[in-house]
Amino acid sequence: MPSNVTSHSWQERFRQSYSFYIGLGLAFLSSFLIGSSVILKKKGLQRLVASGATRAVDGGYGYLKDAMWWAGFLTMAAGEVANFGAYAFAPATVVTPLGALSILISAILSSHFLGESLNLLGKLGCVICVAGSTVMVIHAPEEGKITTVMEMAAKMKDTGYIVFAVLLLVFCLILIFVIAPRYGQRNILIYIIICSVIGAFSVSAVKGLGITIKNFFQGMPVVQHPLPYILSLILALSLSTQVNFLNRALDIFNTSLVFPIYYVFFTTMVVASSVVLFKEWYSMSAVDIVGTLSGFVTIILGVFMLHAFKDLDISQTSLPHMHKNPTPPPAPEPSVTRREDKNVLVDSIELCSTPSPEEKPRVFTIHS
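Model, not experiment: these values are computed from the prediction.

Turning our attention to the overall build of the protein chain. Within the protein chain one finds 12 helices and zero strands. When the helices and strands of the protein chain are listed from N to C terminus, the series reads α-α-α-α-α-α-α-α-α-α-α-α. Counting over 368 residues, the protein chain shows a buried share of 43%. Partitioning the contacts of the protein chain with sequence separation of at least 6, the portion at a separation of at least 24 is 82%. Accessible surface, the protein chain as shown: approximately 21200 Å² in total, 66% of it carbon and sulfur.

See the structure below:
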């Protein structure tokens, strides 16, 4: 057997056996880096406000001079690189929901470094997020059959995806130029929805560029194809827009409030885009579809618990304790009427309502 055939078969066996687990490991690493980067960027924005510079929400870019913000930005970039590799090895409908782990990490770190409390319900929400992510991994769809740049280009020329992308783009432009200037600083959903809608384009671009890199190392002439350059431009524009509006949201609202809501909207948009573009769900059985949806709903419930009850002071010591033989409360002491209280009794007689016919009249005797 020729050596090139042996090498090709070995690479094919390795890809079929371990590519999913490589993508899974990169997704976990990406969640840790992204969750940590939010804390660093928030600290940088807080130092910017303390220095009296123009805030990001007001159009200021003073955070570009802050070392802490750049540390968070570089950490997020490393997380996005790991996320980039995860999309190249695993389906998007698995990688994106695993971003819930970054919420767990950011919630834990924010309670230590930003002074944002994480009560008992928040910890339970984190556990629920992990459980939902595990269910989604178990029922994950198979890797899509798109293996070349030409196949990716054919998928992006599909009429359904073109209509979907145009609707998302028009909706996002309306949010940026019409709704955000009026309501962005009062409603947290405006900036987050913009980041989520743009994120649908960035994930598609990352998936396509991952396929391009794999084809490049396989010796295919991908440099001559125009699609990698188009995807690189889409990725640069989408990431810059996401960073801009995510900074505005973090500048105004609480970190434990922004990140969970952003995760839910971002994951929903990415899953919808994956269904339209890659059609990864078409090869799944009914059991796997139900399991994936159940895991996603479980993650949303965990994120909701993490966010909705974050301001409540609930701990394990505040829970009610049940005892088999509870101690009875002390009996009240009998009241004794003294001679000095006769005026009080007279006033009580005058204020007492007229007795009903069924009741016997009450007699009060006062000894002087």
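Looking now at the packing of aromatic side chains. Taken as a whole and judged by the stated rule, the model has six aromatic pairs. On the basis of an interplanar angle of 85° and a centroid distance of 5.4 Å, the ring pair of Trp-70 and Phe-73 is categorised as edge-to-face. With Trp-70 and Phe-73 both in helix α2 (residues 67-89) and three residues apart, this pair spans about one turn of that helix. Look at Trp-70 and you get partly exposed, because its relative accessible area is 34%. Taken together, the aromatic side chains of Trp-69, Trp-70 and Phe-73 make up a single cluster linked through ring pairs. In this structure, Arg-248 packs its charged tip against the face of Phe-245, placed 5.1 Å from the ring centre.

Quick look at the environment of Lys-157 now. Tracing the backbone shows Lys-157 in the loop between α6 (149-156) and α7 (159-183). Since its relative accessible area comes to 66%, Lys-157 is described here as exposed. Sequence spacing of Lys-157 and Leu-277 is 120 residues, and the spatial spacing of their C-alpha atoms is 9.6 Å.

Time to look at α7. With 25 residues, α7 ought to run about 36 Å at 1.5 Å a step, and its terminal C-alpha atoms sit 34 Å apart, in line with that. The largest bend in α7 amounts to roughly 40° and is located at Leu-175. Those residues of α7 that fall on the buried side of the exposure criterion are Tyr-161, Phe-164, Ala-165, Leu-168, Cys-172, Leu-175, Ile-176 and Ala-180. Where α7 starts, the residue carrying a side-chain oxygen 3.2 Å from the main-chain nitrogen of Gly-160 turns out to be Asp-158.

With that settled, consider α2. Counted at 1.5 Å a residue, the expected span for α2 with its 23 residues is 33 Å, and the 33 Å between its end C-alpha atoms agrees. Of all the residues in α2, the buried ones are Trp-69, Gly-72, Thr-75, Met-76, Gly-79, Ala-82, Asn-83, Phe-84, Gly-85, Ala-86, Tyr-87 and Ala-88.

Time to look at the nonpolar core. Met-152, Ile-194 and Val-258 are the most contacted members of the largest nonpolar core, which totals 71 residues. Looking at this core, the element that brings in the most residues is helix α8 (residues 188-217), giving 16 residues.

Our next topic: the packing of α8 against helix α9 (residues 227-252). At a minimum axis distance of 8 Å, the contact between α8 and α9 shows a crossing angle of 150°. When the axes of α8 and α9 are compared, the pair comes out roughly antiparallel. For α8 against α9, the interelement crossing comes out left-handed. Among the residues making up the contact of α8 with α9, the classes are represented as 16 nonpolar, eight polar and one charged.

By the secondary structure assignment, Glu-80 is in helix α2. Residues Glu-80 and Leu-26 lie 54 residues apart in sequence; the distance between their C-alpha atoms is 9.9 Å.

Side chains of Ile-162, Val-166, Leu-169, Val-170, Leu-173, Ile-174, Phe-177 and Val-178 sit close together on the surface and give an oily, nonpolar patch of about 710 Å² of accessible area. Mapped onto the fold, Ile-162 is located in helix α7. Residue classification places Ile-162 among the partly exposed residues on the basis of a relative accessible area of 41%.

This brings us to the packing of α7 against α8. Viewed as axis vectors pointing N to C, α7 and α8 meet at an angle of 150°, and their least axial separation amounts to 9 Å. Judged by the inter-axis angle, α7 sits roughly antiparallel to α8. In the crossing of α7 with α8, the sense of the turn from one axis to the other is left-handed. Of the residues in α8, those touching α7 at Tyr-161, Ala-165, Leu-168, Leu-169, Phe-171, Cys-172, Leu-175, Ile-176, Ile-179, Ala-180 and Tyr-183 are Ile-190, Tyr-191, Ile-193, Ile-194, Val-197, Ile-198, Ala-200, Phe-201 and Ser-204.

Inspection of every chain in the model, using the stated rule, returns zero disulfides. No disulfide involves Cys-172; its sulfur sits 8.8 Å from that of Cys-195, the nearest cysteine. Given the relative accessible area of 2%, Cys-172 is considered buried.

The rules we used
- Within each chain, residue numbers correspond to sequence positions counted from 1 in written order.
- The predicted origin of the model limits local features to residues at a pLDDT of at least 70 and limits the giving and counting of side-chain atom pairs to 80 or more, whereas totals for whole chains, interfaces and linings rest on all residues.
- Side-chain measures here rest on the full set of heavy atoms in the structure, leaving out hydrogens and waters.
- Put simply, DSSP H or I for four residues or longer makes a helix, DSSP E for two residues or longer makes a strand, and each gets a number counted from the N terminus.
- Under the scheme applied here, a residue whose accessible area is under 20% of the maximum for its type counts as buried, over 50% as exposed, and between as partly exposed, the area being computed with a 1.4 Å probe on protein chains only.
- Any pair of residues with heavy atoms lying within 4.5 Å of one another is described as a contacting pair.
- Each accessible area is a Shrake-Rupley result for a 1.4 Å probe, and residues are judged covered by the shown protein chains and nothing else.
- Here the aromatic set is Phe, Tyr and Trp, taking the six-membered ring for Trp, and pairing holds for ring centres within 6.5 Å; pairs whose planes are under 30 degrees apart are stacked, those over 60 apart are edge-to-face, and all others are tilted.
- In our convention, an over-ring charge means Lys NZ or Arg CZ found within 6 Å of a ring centre and within 35 degrees of that ring's normal.
- Helices are assigned an expected span. That span is 1.5 Å times one less than the residue count.
- Two axes define the bend at a residue: one fitted to the seven residues ending there, one fitted to the seven starting there, and the bend is the angle between them.
- In the analysis that follows, any N or O atom pair within 3.5 Å is treated as a polar contact, provided that within protein one partner can donate a hydrogen and the other can accept it, and provided that, for residues neighboring in sequence, both atoms belong to side chains.
- For this analysis, a nonpolar core means a set of buried residues of the types Ala, Val, Leu, Ile, Met, Phe, Trp, Tyr and Cys, connected via side-chain atoms within 4.5 Å.
- Geometry is summarised by axes, namely lines fitted to C-alpha atoms with helices restricted to the contacting stretch, and by angles between N-to-C directions that run from 0 to 180 degrees.
- These descriptions rest on fixed angle ranges, namely under 35 degrees for roughly parallel, over 145 for roughly antiparallel, 65 to 115 for roughly perpendicular, and the rest for oblique.
- By convention, the crossing between two helices is left-handed when the near helix turns anticlockwise from the far helix through less than a right angle, and right-handed when the turn is clockwise.
- Classification used: nonpolar for Ala, Val, Leu, Ile, Met, Phe, Trp, Tyr, Cys and Pro, charged for Asp, Glu, Lys and Arg, polar for all others including Gly.
- Excluding any residue in a salt bridge, patches collect residues exceeding 30% relative accessible area, merging like charges within 9 Å and nonpolar Val, Leu, Ile, Met, Phe, Trp and Tyr side chains within 5 Å.
- The rule for a salt bridge is simple: a side-chain nitrogen of Lys or Arg has to be within 4 Å of a carboxyl oxygen of Asp or Glu.
- Here, the term disulfide refers to a pair of cysteine sulfur atoms separated by no more than 2.5 Å.

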